[in-house]
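Below, each chain spelled out in residue letters.
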Amino acid sequence: MGYQRVNVPRLSDEIMRQLEERILGGALKPGDRLPPERVLAEELGVSRPSLREAIQKLAARGLLQSRQGGGTYVTDQLGASFSDPWRQMLSSHPQLQDDVLEFRRVLEGTAAAFAAQRATDADLVRLDALMDALEQSYGGADLAAQAAADVAFHLGVAEASHNILFAHQISSLLTTLNTHVKDNIANLFNVGPVSDELLSQHRAIWRAIKERRPAAAREAAEAHIDFVADTLDQLKTEAERRERALARLAHHDTGR
């Protein structure tokens, strides 16, 4: 009986796997610069040629980008599916808004439920800080700051879910939708004083996660998206009524 061949992975492939795990897990985020080659090789306990080969393979996959004289950086390739052409499509086709909110409802409801089950103490500390930042942003009139704090909070919930795909997909989606979120906030504030209601909804998500109540976390996240969708529908209906009223007035004026 013959022996089976023992397959030993190439060192560069193992280095590549470890770097991929750091990217997938969020330890290395888009835009982050890798440590200098000498430092990283020492940290991993490998030779610089093997490390260089692994980096070249990851660059070929589009996960890393080497800049001449400027180091090696993590790209946003994992989220590219939401970057183009979705950003332009969402700007050009407002009717996609309902689909976007429906998609967010499913993703973020599930992520919140997982976060309530899986969040570590460090995750909860981070969510506390993100909630504080969100409250502070709503105390001002800077819509860009409010949108950024809103995105950061929802991203924090996604990362606390400890599901790599949820974290990356929601991160990519919300980054692409940053302008969409800012526009939604501006529109919502045109439909009466809703900032207190929005903050209350975010607090409900936050509390349910801290209290380890997955069903309540899911319901709170879904209720938040439902509120946004219903309020924007109300704004759309009122805008259509105004347009019809203006059209009637214009018709009467030209008929005189």
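By convention here, each chain's residues receive numbers from 1 onward along its written sequence. This being a predicted model, a pLDDT of at least 70 is required before a residue's local features are given, and a value of 80 or more before pairs of side-chain atoms are given or counted; all residues contribute to the totals for chains, interfaces and linings. As a rule here, side-chain values cover all heavy atoms of the structure and leave hydrogens and water aside.

A. View of the packing of helix H6 (residues 97-118) against helix H11 (residues 195-210). Running from amino to carboxyl end, H6 crosses H11 at an angle of 35°, the nearest separation of the two axes being 7 Å. Taken together, the residues of H11 that come into contact with H6 (itself represented by Ala112, Ala115 and Ala116) are Ile205, Ala208 and Ile209. Each residue is assigned to one class: nonpolar for Ala, Val, Leu, Ile, Met, Phe, Trp, Tyr, Cys and Pro, charged for Asp, Glu, Lys and Arg, and polar for all the others, Gly among them. Taken together, the residues of the contact of H6 with H11 break down into 6 nonpolar, no polar and no charged. What counts as an axis is a line fitted to C-alpha atoms, over the stretch in contact for a helix, and the angles between N-to-C directions run from 0 to 180 degrees. Going along the chain from the N terminus, every DSSP run of H or I of four or more residues is numbered as a helix, and every run of E of two or more is numbered as a strand. Whether two residues are in contact is decided by their heavy atoms, any of which lying within 4.5 Å being enough.

B. Focus on a negative patch on the surface. A surface patch of negative charge is lined by Asp98, Asp99, Glu102, Asp230 and Asp233. Within the residue set of the negative patch, elements represented by two or more residues are H6 and helix H12 (214-255). The element contributing the most residues to the negative patch is H6, with 3 residues. If you trace the backbone, Asp233 turns up in helix H12. For the exposure calls, accessible area comes from a 1.4 Å probe over protein chains only, and a residue counts as buried if that area is under 20% of its type's maximum, exposed if over 50%, partly exposed in between. Owing to a relative accessible area of 33%, Asp233 belongs among the partly exposed residues under this scheme. Each patch is assembled from residues with relative accessible area greater than 30% and no salt bridge, linking like charges that lie within 9 Å and nonpolar side chains (Val, Leu, Ile, Met, Phe, Trp, Tyr) that lie within 5 Å. Areas reported here follow the Shrake-Rupley algorithm with a probe of radius 1.4 Å; residue values treat only the protein chains shown as occluding. A carboxyl oxygen of Asp or Glu within 4 Å of a side-chain nitrogen of Lys or Arg is what we treat as a salt bridge. This count recognises Lys and Arg as positive and Asp and Glu as negative, with His and chain-terminal groups excluded. Just so you know, the charge point we use is NZ for Lys, CZ for Arg, CG for Asp and CD for Glu.

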